[in-house]
Amino acid sequence: MNPRQVAEYMFDQDFFSQWMNIKLIDVKENYCLIEMPIKKEMINGLKTVHGGVTFAFADSALAFSSNNSGDAAVALNCIINFTKAGKEGDVFRAESILVNDTRKTAVYDIKITNQNKELIAKFVGTVYKIGKKVTEL
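Residues numbered from 1 in each chain as written. Predicted model: local features only at pLDDT ≥ 70, side-chain atom pairs only at ≥ 80, totals over all residues. Heavy atoms only, no water.

Colleague: Tell me what's going on with the sheet that holds strand β1 (residues 23–28), and back it up with residues and numbers.
Modeller: In spatial order, the strands read β1-β2-β4-β5-β6-β3; together these six strands make up an open sheet with antiparallel pairing. With one partner strand each, in any of the chains shown, β1 and β3 (71–82) form the two edges of the open sheet. Taken pair by pair, the neighbouring strands of this sheet meet at an average axis angle of 20°, ignoring direction. Relative to strand β6 (residues 119–133), strand β5 (residues 105–113) runs antiparallel, the two being bridged by nine bridges. In the strand pairing of β6, Ile-112 is matched with Ala-121. (Pairing = 2+ DSSP bridges. Helix = DSSP H or I, 4+ residues; strand = E, 2+ residues; numbered from the N terminus. Axes fitted to C-alpha atoms, helices over the stretch in contact; angles between N-to-C directions.)

Colleague: How would you summarise a nonpolar patch on the surface if you had to cite specific residues and measurements?
Modeller: Taken together, the side chains of Val-74, Leu-76, Tyr-128, Ile-130 and Leu-137 define a hydrophobic patch exposed on the protein surface, amounting to about 450 Å² of accessible area. Those elements giving two or more residues to the nonpolar patch turn out to be β3 and β6. Relative to the assigned elements, Val-74 resides in strand β3. (Patch = residues over 30% accessible without salt bridge, like charges linked within 9 Å, V, L, I, M, F, W, Y side chains within 5 Å. Areas by Shrake-Rupley, 256 points an atom, 1.4 Å probe, with all protein chains shown as cover. Salt bridge = Lys/Arg side-chain N within 4 Å of Asp/Glu carboxyl O.)

What follows is the structure, encoded as structure tokens:
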């Protein structure tokens, strides 16, 4: 399977990403660009996007980029910096780019922006390669 097919295979089983209305915009080996509309259920008590939603969105980008070679990888460590509050009606985009790759781990930079290309959050995720194929899980 090519990277797009692997990401689509994963997405078909990822009911949480489906619930978030994530769309796969661009997928290449060790890279992805995804999009998500912000809906009312994602808003916190301060009328902004809940931080957990933003984190989960970045985590989905990490999953679709770090597994799309077909070799399974799981999150080992993730750090997020929130830079701007999102609002209901926004459209978030997450771009995940591989920055370091070793035999057992890889590091990805993920930038989340809104429809105005304003930076919402910066996420760095480290994955551990578990030695199995995505289709074996």
